[in-house]
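Chains, contacts and geometry: an overview
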Amino acid sequence: MSVYDLLVIGGGAAGMMAAGRAAERGKRVLLLEKNAQLGAKLAITGGGRCNITNAEENQRLFLAHFGKAEKFLYSSFAQFDNQDAMRFFTDQGLPTVVQAGQRAFPKTERAEDVVRLFVNYLACGKVEVRKRTTVETIRIVDGKIAGVVVGKELMVAKNYLLATGGRSHPETGSTGDGFRWLAKLGHTVVPPTPTIVPLAVADTWVKNLAGVALDDVHVSFFQKGQKLLQLKGRILCTHFGLSGPLILNAAGKVGDMLRQGKVTVSIDVFPKLDFGSLDKHITKVFDQNKNKVLKNVLRLLTPTGTAASIITLLPRVLHEKKIHSISQAERKALGQLLKALPITVQGLMGYEWAVVADGGVPIREVDGKTFRSRKYDNLFITGDLLHITRPSGGYSLQLCWTSGYVAGNHT
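Residues numbered from 1 in each chain as written. Predicted model: local features only at pLDDT ≥ 70, side-chain atom pairs only at ≥ 80, totals over all residues. Heavy atoms only, no water.

**Quick look at the side chain of D384**
Put simply, the rule is: Working definition: helices are DSSP H or I runs of at least four residues, strands are E runs of at least two. Numbering for both runs from the N terminus. What qualifies as a polar contact is a pair of N or O atoms within 3.5 Å, subject to a donor-acceptor requirement within protein and to the restriction that residues adjacent in sequence count only when both atoms come from side chains.
Tracing the chain through its elements places D384 in the loop between β20 (379–381) and α14 (395–409). Looking at D384, its side chain comes within polar contact range of the side chain of R390, at 2.4 Å.

Now the structure itself:
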């Protein structure tokens, strides 16, 4: 029976990084992947562009985005941080480009190129890869992992690494297998919830704007008449509701609000103008277009591509009304609408839409210097299997790169 130095379960971002790094150190590595191809989730990350990390150079500012896990990650990021990750990709022949929000992408903006890079990285290290291979059982003998069972075959290694991912995008194979195994091994597993996820809304006017982005807006969330959250920036309208990094990163808080009752939203498309200034602006546009009907003038007052949808929020009698016939009260009502476009949140979209789902093993059960389990000294736990919250914008993949590299360095 062959005994490997490292057996990796899961051929995603963390698993491929760990396997490649261990092999680079001369270790004999076996990687098991249940899908027909490696990197299934990685291939669709960032809408197929793959936001591989965030380029923030101040590591304290970078790690502050990981909430309660900030201090836990100091040691591992001292070994391999986001700057190291960008150098890694460049050295492997895939330079990066930094875009808005310090988000770093491969210069080609093709997630499939990232997957291809790792396939080559594994091949260079002579990692043995077995695809379409599902682990059925993890064996324990005398307090150590003693092997994994695949069909009728027992596979044995000195060290084992779990990198099966969390629950987001289950269509890529992330169905929570790792959580079930870890629970059977005696680890605590915090139940996952989709945390970085779009919002489903009830409003047809939003759904009719699918694909339209609203830039530099204020988005306020209300419950029982009280404003509980305000966001500033860019949002994306979709066929089901609202998305974009601003919305995704607020979804956890909105989810908490929804558990307490109905949540409504108002969007201010003129946040830089108070109501009086906006009314003057509307009056000026009206004065310049007195003989036109409102439905043809509204596009001069609303974000590009939104007028036909926004006008449905006004009484139908106004749509064909000539500007010179619009009353002061009707004009002011229009201003009030543009300062507070109404939306009702129905809920969070499910795991299939989640960029990240939290949950997993609490960090107290893992050594932050190595990602070694504190229950089994020959087991490593990486990536989305760790209960670490983080926003969208490259932070989730960086956790995979760092945990995979560091674990692969200590096997």
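**With respect to the confidence of the model for the chain**
Selection rule: Known as pLDDT, the predictor's per-residue confidence is scaled from 0 to 100. Contacts are assigned to residue pairs that have any heavy atoms within 4.5 Å of one another.
Confidence in the prediction for the chain averages 90 pLDDT; 94% of positions are at 70 or higher. In the model, residues 168–174 has pLDDT below 50 throughout and makes 29 contacts with residues more than four positions away in sequence or in other chains.

**Quick look at the packing of helix α1 (residues 13–24) against helix α5 (residues 111–124)**
Basically, it comes down to this: Every angle, taken between N-to-C directions, lies between 0 and 180 degrees, and every axis is a line fitted to C-alpha atoms, over only the stretch in contact when it is a helix. Note on terminology: angles under 35 degrees are roughly parallel, angles over 145 are roughly antiparallel, angles of 65 to 115 are roughly perpendicular, and the others are oblique. Working rule for handedness: look at the near helix, and if it is turned counterclockwise from the far one by less than a right angle, call the crossing left-handed; if clockwise, right-handed. Just so you know the grouping, Ala, Val, Leu, Ile, Met, Phe, Trp, Tyr, Cys and Pro go in nonpolar, Asp, Glu, Lys and Arg go in charged, and all remaining residues, Gly too, go in polar.
Direction vectors running N to C along α1 and α5 enclose 30°, while the axes themselves pass 8 Å from each other. It follows from the interaxial angle that α1 and α5 lie roughly parallel. The two elements α1 and α5 meet at a crossing, and its hand is left-handed. In contact with M16, M17, A19, G20, R21 and E24 of α1, α5 contributes F118, Y121 and L122. The residue inventory of the contact of α1 with α5, partitioned by class, reads 6 nonpolar, 1 polar and 2 charged.

**Overview of the sheet that holds strand β13 (residues 226–237)**
Filter applied, for reference: Being paired, for any two strands, means DSSP has found at least two bridges between them.
With antiparallel pairing, the 6 strands of this closed barrel are ordered in space as β11-β14-β13-β12-β15-β16. Along the sheet, successive strands turn relative to each other by an average axial angle of 45°, direction set aside. Note that β13 and strand β14 (residues 241–243) share 2 bridges and pair antiparallel. Note that in β14 the partner of L236 across the bridge is S243. Packed onto the sheet, helix α13 (residues 328–339) meets β15 (263–268) and β16 (341–348) and runs at close to 110° relative to β15.

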